[in-house]
Amino acid sequence: MATRFASRHQLNHAFAPTSTLKSSLLSRPPLFKAPCLRSAATMAQEADISLDVYCSSHKVQEELQGRLQAAPLEGVHLRWQPAGFAPEHGTSSSGAVDQGGNAESDQAQSSFDGPRYMAVLKRGGRMGQALVTAQEMTSTQEFMRANLAGFGDGVVLVADRQTAGKGRGGNVWTSPAGCLMFSCSRQLGVLPNQAPFINYVVCLGVVKGIQDAVRDCCGPDAPQLPIAIKWPNDIYYLPPKDLVGSSPTGPATSSSSQGTSTSAPGADSCRDSAATDGASVGSRAAPPSTGPQKIGGALIHTTWSRDRFNLVTGIGLNLSNAHPTTCLNAILKSSYEQGRGISFQDSKGTDGGHEPLQLPQEVVLAHIMNRLDECFQDFEELGFGPLEADYLASWMHSGQQLQFLEHGEHSLPGYTEPLRHHQDLSSGTSLASLTIQGLSPTGFLMATEESTGRRFELTPDGNSLDMMAGLIRRKLPN
């Protein structure tokens, strides 16, 4: 089930503990249970595919091989690739070997450079210590969910192309060239009431990882990319005018027992994807100033087993596809040029000219894994409190104003179309303005009413694709 925000009643039921399936497939208790999620058509599509596996150490490789022997991936060739650690007795060091020890499959490898990724990854952590790459598959998220028993904890799966990627609510996640798409697994030892914060921890790790990759690639001249978290699980590019004191989603409408929030149409009008169709263009000029633009998002599925969550986190980032909106490489170029007042060029090409600096997908993924490792560990040991300040500094909603419809003592249930003019207000209906201040103790939005100073908790109505529309407000005690 997805960590999807709905009503408090739905949330409490969604994360009620379920019975634990006993297994001996993982080295870390409690154990993943892996539901069979793929359709017959999907399984047929993924039969006889080849996956390349890179491990950060012999121990990681040995543990993963043990799990996969106990829970093999049907119809899948696993090619174990050297990734920088010294091979031990009985381990292949030169050629790839599949799961059964047969000769290397002749199917094409992914374009993802495993050794380059491993060179940036911090060793000894839990996230991304085993990397699995594919040239093409239906969905990294569905494949990972269906094979958790074999993959286990901390594995990251990357595909050059997905033919049936998944977004929130079952929407299709498009995957043209220039996208970085991956899914990773993690056992998370936190209480069920911490479920709403999991999205925030993931998005914080992604944003911090991207900024780390920029510093790694650009050195001391690295700009701070104008990217931010759109609550609860999207990553947006913010043009300079939208960085401070703006309302990213505009005025908005939705009704509740105490009022109705409003949001302008088209605020989240891009498809549920990290990129849309177009060529891979990493060196395009500055992104067009058309307001905040989505460049990525997260989709998180969880199961609860005994005393912890088993997570499968899917991430899509528009890394180098600049059409028709923008991408991280275009944002990097624009940010550098605006900050330095010069054209950004870094290294000489073979013809003596210059080539624009790119963010390699391997470097971006490794830094995201490093940051997710740190954020998950802090979350498990200390809770969300120590991470909250960084999260609020990384999102795009502080100070955002929302308008709620008030209908006297009564209200209309459900979603209301956005108001464009105050004359649309019916008799006995008024507007109340709320300003977002941060997160409530239970993990939803917290806002204050300008005229009275009253505090409210804002929760999604569960019916709107854009969760900033259709918000329901509940008064908090003073």
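Description of the structure in this document. Please read all numbers here as calculations on a predicted model, not as lab measurements.

**Some details on the pattern of salt bridges**
Right, so step 1: On inspection of all chains with the given rule, the structure shows 16 salt bridges.
Right, so step 2: Between R79 and D52 there is a salt bridge, and its shortest N-O distance comes to 2.9 Å. Here R79 is found in strand β2 (residues 76-81), whereas its partner D52 is found in strand β1 (residues 49-55), with 27 residues between them in sequence. Taken as a pair, R79 and D52 share a single burial class, namely buried.
Right, so step 3: Of the charged contacts in the structure, one is a salt bridge between K122 and E374, with a shortest N-O distance of 3.1 Å. Linking K122 in the loop between α4 (114-120) and β3 (130-137) with E374 in helix α9 (residues 361-382), this pair joins segments that are 252 residues apart in sequence.
Right, so step 4: Its relative accessible area of 30% is what places E374 among the partly exposed residues.
Right, so step 5: Sharing partners across several salt bridges, the network here consists of K122, D212, R215, R371 and E374.

**Quick word on the packing of helix α7 (residues 195-218) against α9**
Right, so step 1: Relative orientation of the contacting elements α7 and α9 amounts to 140°, with a least axis distance of 7 Å. Taken together, the axis directions place α7 and α9 in an arrangement best described as oblique. Along this stretch, α7 crosses α9, giving a crossing that reads as right-handed.
Right, so step 2: When the residues that make up the contact of α7 with α9 are grouped by side-chain class, the tally is 16 nonpolar, 3 polar and 5 charged.

Procedures and definitions
In every chain, residue numbers begin from 1 and rise along the written sequence. Side-chain atom pairs in this predicted model are given and counted only at pLDDT of 80 or more, local residue features only at pLDDT of at least 70, and totals for whole chains, interfaces and linings cover all residues. Only hydrogens and water are set aside; all other atoms, that is, all heavy atoms of the structure, feed into the side-chain values. The term salt bridge refers to a side-chain nitrogen of Lys or Arg lying within 4 Å of a carboxyl oxygen of Asp or Glu. Secondary structure elements are defined from DSSP: runs of H or I of at least 4 residues count as helices, runs of E of at least 2 residues count as strands, and each element is numbered from the N terminus. In this scheme, a residue with accessible area under 20% of its type's maximum is buried, one over 50% is exposed, and one in between is partly exposed, where area comes from a 1.4 Å probe on protein chains only. To obtain an axis, a line is fitted to C-alpha atoms, over the contacting stretch when the element is a helix, and the angle between two such axes runs from 0 to 180 degrees between their N-to-C directions. Convention used here: angles under 35 degrees read as roughly parallel, angles over 145 as roughly antiparallel, angles from 65 to 115 as roughly perpendicular, and any remaining angle as oblique. For any pair of crossing helices, the crossing counts as left-handed if the nearer helix is rotated counterclockwise from the farther one by less than a right angle, and right-handed if it is rotated clockwise. Amino acids are sorted into nonpolar (Ala, Val, Leu, Ile, Met, Phe, Trp, Tyr, Cys and Pro), charged (Asp, Glu, Lys and Arg) and polar (every other residue, Gly among them).

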